[in-house]
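Fold and geometry: a report
Read off the chains here:
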Amino acid sequence: MTIVLVALLAIGVWLAQLTWLRPFSIDNFFERVYIEFLWNDPEALTHTGVLKPFGFSGYESELNNISPTATRHLADVGSKNLRILQDYDRDRLSKEQQVSYDVFHWFLKTGVEAEPFLFHDYPITHLSGAHIELPQFMASLPLTNESEIKNYLNRIEVVDEKFGSVIDALEERRKIGVVPPTHILQKAIKFCDSFYSAPIEENVFFSSFKTKLNEMDGLDSISKKAYLDQCAISVQENVVPSYKRLSRYLLQLERSSLSIAGVWQLPDGDAYYRSCLLQQTTLALDPDSLYEFGKLEMSRLNGEIMILKNLAGSENQPTFQTDSIGRLNTVAYFSAIADGMSAKLSAYFNKLPTIPLTVLEVPEYRSQNSTFAFYISPRGEPLTNGKLYVNTWKADHLTKPLAKTYAYHEGIPGHHLQKGIQVEMKSIPTFRRFLPFTAYAEGWAMYAERLGHEMTGSQDPWDRIALLQSDLFRTARMMTDIGIHHKKWLREQAIDFMVDNAGLSEPEAEDEVDRYIVWPGQGCAYKVGQLKFLELRQLAQTELSDSFDIREFHDVLIGQGAMPLEILEARVKEFIAQRKPKG
């Protein structure tokens, strides 16, 4: 997308709100839809930074509105855009445009089909929601000039308005019988209470502002102090009351909650779960069949692990330490793994991202509910580094072989490689640089775990064991997801299953199970995606034989951005047909 086109579309977006005429060029339609989406999402618009060079800044003082009215509006926009898209003659589009058409059509059509469940999700959980994501967003904002300082302070003043929309969203769901389970609400209440009870100096809204302000050049000490005082007062008067208000509402909402974990107990819950499975895996799958397959996979993986452990001998694998030095060493180890893998990429990939990967420590305030590691994609204009966050606070449960697998999955050649390439693409419509498909992204990352071990050529049985344990964990995750939401497991039953089958301690299993409870279907996306990527590689190697080129194959897999798995499979089969020797 050219910068000029972005500017023109941004200036004219209000006209598009009134006159929904189909653009002559489908490429213009794709860009118009993208800008329209951003216009309704000032936080995402800030992250992308596409309008910053043109002086558009009104959105930089705003926060997202997730009220029921705003949610219905976005659903209406999706339905309207699907109708417009279907007016284009797909057969008259170029090959590249057809891929974009197919990806966008799948995304819009699936969203429209899910409209009966528009208010079946949980806006607030112990893992996600404005109470957690807004501090992260504010901490990510740059402060390089006084305009950005003022925008930051203005956003603090509308925190209460945003939290009001969150409460409206929760109340809308309560009216139709959609309330998070009791223990999930209790965890969210505990987070809110802890957040607003902390001293202002420790509140991330203030502490991140203070750190960045002190690092600024060209601002005198008197001005810095004035801004810090203003921020402290605003946090006390806006942020703290907002968290108290949300906490009190959640406490009231708890009275309407149940201890039942699965979405099967929601209105039309079984159909909702199947809809979640489709959106998360991008395939129409039967949960019972998927569960039975998981049982076979667990048996296979356990057998391989047992054989390798017998060969490896000692089970005394050292873990990382969680004191200050130990946490630094953990971050350094992940950084070293990333650097080592970067040096090997050219033998396996033609396309590589230019954006560096930065390894960071998970902030302590997020450590309790955070996984061992996670990745944040490059953002903004210019793009920020990709970020691999490591939960050093829990590293005493992490061995070095398992750390390698996490590093491959979250960093290189996993998420950072795939998403780094995707966000830098200029030849595809902008929406495809950012549109998420969980099964694709996590399927690639699971494939990357195996690829990472393949690239290093490690013969250490414990490296292989860690890889299989990761696979076993994701298989157990898939079965637990189905168990909770389809087979009506109790939370305690799910925890016991993860302890017995995934090698987790009880606290670790509790964290995992609570994640599956609030994100139905997501736990299935990893294994389903992995299987599809491995299946496509086996197909290409078998069909092409000596003509198989791993670098060309990887170009097909991650060279056009994320997409539904069925569209990816069609692209791979087309690639095979083009490369297969004739005769």
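This text goes with the structure placed above it.
All values derive from a computational prediction rather than experimental measurement.

Contact pair helix α20 (residues 461-485) / helix α22 (residues 506-518): the axes reach a minimum separation of 10 Å and the direction vectors enclose 55°. The pairing of α20 with α22 is recorded here as oblique in orientation. Along this stretch, α20 crosses α22, giving a crossing that reads as right-handed. Where α20 abuts α22, its residues Phe473, Arg477, Thr480, Asp481, Ile484 and His485 lie against Glu512, Val513, Arg515, Tyr516 and Ile517. Of the residues in the contact of α20 with α22, the class split is five nonpolar, two polar and four charged.

Checked against the element boundaries, Thr110 lands in helix α5 (residues 95-113). A residue is classified by how much of its surface remains accessible, and Thr110, at 7% relative accessible area, is buried. Dropping the residues within four chain positions of it, Thr110 is found in contact with Leu278 and Gln279.

This structure, assessed with the given rule, holds 26 aromatic pairs. On the basis of an interplanar angle of 10° and a centroid distance of 5.9 Å, the ring pair of Tyr34 and Phe434 is categorised as stacked. Taken together, the positions of Tyr34 in helix α2 (residues 26-39) and Phe434 in helix α18 (residues 431-434) put the pair 400 residues apart, joining distant regions of the chain. Residues Tyr291 and Trp489 carry aromatic rings whose centres are separated by 6.2 Å and whose planes lie at 85° to one another, so their mutual orientation is edge-to-face. Of this pair, Tyr291 sits in helix α13 (residues 287-312) while Trp489 sits in the loop between α20 and α21 (491-502), and the two are 198 residues apart along the sequence. Trp489 carries the same exposure label as Tyr291, and that label is buried.

Going from Ile412 to Pro413, the amide bond is cis rather than trans, its omega being 10°. Along the chain, the position of Pro413 falls in the loop between α16 (400-410) and α17 (415-424). In the Ramachandran plot, Lys488 falls in the positive-phi region, its phi being about 65° despite a non-glycine side chain. Within the secondary structure layout, Lys488 lies in the loop between α20 and α21. One non-glycine residue, Ser545, adopts positive backbone phi at about 50°. Tracing the backbone shows Ser545 in the loop between α23 (522-544) and α24 (550-558).

On to the pattern of salt bridges, then. It is possible for side chains of opposite charge to pair when their charged atoms get near one another. In this structure the tally under the stated criterion is 34 salt bridges. Here Lys394 and Asp511 are joined by a salt bridge, their closest N and O atoms 3.4 Å apart. A residue pair is termed long-range when its members are at least 10 positions apart, and Lys394 in the loop between β3 (386-390) and α16 and Asp511 in helix α22 qualify at 117 residues. Put simply, Arg551 and Asp549 hold a salt bridge, and the shortest N to O gap is 3.8 Å. Residue Arg551 is classed as partly exposed on the basis of its relative accessible area, which comes to 32%. You can call Asp549 partly exposed: its relative accessible area is 24%. Through salt bridges with shared partners, a single ionic network connects Glu297, Arg300, Glu304, Arg450, Arg464, Asp471 and Lys527.

In this section: a negative patch on the surface. Taken together, the side chains of Glu492, Asp496, Asp500 and Glu506 present a region of like negative charge at the surface. Of all the elements, α21 adds the most residues to the negative patch, at three residues. Assignment of secondary structure puts Glu492 in helix α21.

Let us now look at empty space enclosed by the protein. Taken as a whole and assessed by the stated rule, the structure comprises one cavity of 30 Å³ or more. In this structure, the largest cavity spans a volume of roughly 30 Å³. The wall of the largest cavity is formed by Met446, Glu449, Arg450, Leu467, Ser470, Asp471 and Gln530. Secondary-structure elements contributing two or more residues to the lining of the largest cavity are α19 (438-456) and α20. Considering only residue class, the lining of the largest cavity consists of two nonpolar, two polar and three charged.

So, on to α21. Over its 12 residues, α21 extends 16 Å from the first C-alpha to the last, a length consistent with the 16 Å expected when each residue adds 1.5 Å. Taken as a whole, α21 has its buried residues at Arg491, Ala494, Ile495, Phe497, Met498 and Ala502. Here the buried residues of α21 occupy an arc of 160° about the axis, which is enough to place them on one side. Structurally, α21 contributes buried residues whose contacts are with α9 (182-197), α13, α20 and α22. Backbone geometry just after α21 places Gly503 at a positive phi near 70°.

Structurally, His126 can be placed in the loop between α5 and α6 (130-140). Residue His126 is classed as buried on the basis of its relative accessible area of 3%. Other than its neighbours up to four places away in sequence, His126 contacts Ile132, Ile184, Lys187, Ala188, Asn369, Asp514, Arg515 and Val518.

Right, let's get into the nonpolar core. Phe29, Phe334, Tyr440, Trp444, Met498 and Phe553 are the most contacted members of the largest nonpolar core, which totals 125 residues. For this core, the element with the most residues is α20, which contributes 11 residues. Once you skip the residues sitting within four places of it in the chain, Phe29 turns out to touch Pro23, Asn81, Ile84, Leu85, Tyr88 and Phe104. In terms of nonpolar packing, the next biggest core, distinct from the first, is built from 44 residues, Ala130, Ile156, Phe195 and Phe205 among them.

Where α20 meets α21, the axes come as close as 10 Å, and the angle between the chain directions of the two elements is 160°. On the basis of their axis angle, the class for α20 and α21 is roughly antiparallel. Here α20 and α21 pass one another in a crossing that is right-handed. Listed contacts from α21 to Leu472, Phe473, Ala476, Arg477, Met479, Thr480 and Ile484 of α20 are Ala494, Phe497, Met498, Asn501 and Ala502. For the contact of α20 with α21, the class distribution of residues is nine nonpolar, two polar and one charged.

So, how was this worked out
Residues numbered from 1 in each chain as written. Predicted model: local features only at pLDDT ≥ 70, side-chain atom pairs only at ≥ 80, totals over all residues. Heavy atoms only, no water. Axes fitted to C-alpha atoms, helices over the stretch in contact; angles between N-to-C directions. Helix = DSSP H or I, 4+ residues; strand = E, 2+ residues; numbered from the N terminus. Parallel < 35°, antiparallel > 145°, perpendicular 65-115°, else oblique. Left-handed = near helix turned anticlockwise from the far one by under 90°. Contact = heavy atoms within 4.5 Å. Nonpolar A, V, L, I, M, F, W, Y, C, P; charged D, E, K, R; others polar. Buried < 20%, exposed > 50% of the residue type's maximum accessible area, 1.4 Å probe, protein only. Phe/Tyr/Trp six-rings, centres within 6.5 Å; stacked < 30°, edge-to-face > 60°. Salt bridge = Lys/Arg side-chain N within 4 Å of Asp/Glu carboxyl O. Patch = residues over 30% accessible without salt bridge, like charges linked within 9 Å, V, L, I, M, F, W, Y side chains within 5 Å. Areas by Shrake-Rupley, 256 points an atom, 1.4 Å probe, with all protein chains shown as cover. Lys, Arg positive; Asp, Glu negative; His and termini not counted. Charge placed at Lys NZ, Arg CZ, Asp CG, Glu CD. 1 Å grid on protein atoms, 1.4 Å probe; cavity = no way out; pocket = protein on both sides within 12 Å on 5 of 7 lines; lining within 4 Å. Points joined across faces, edges and corners; volume = space filled by probe spheres on them. Expected span 1.5 Å × (residues − 1). Arc of directions from axis to C-beta. Core = buried A, V, L, I, M, F, W, Y, C linked by side-chain atoms within 4.5 Å.

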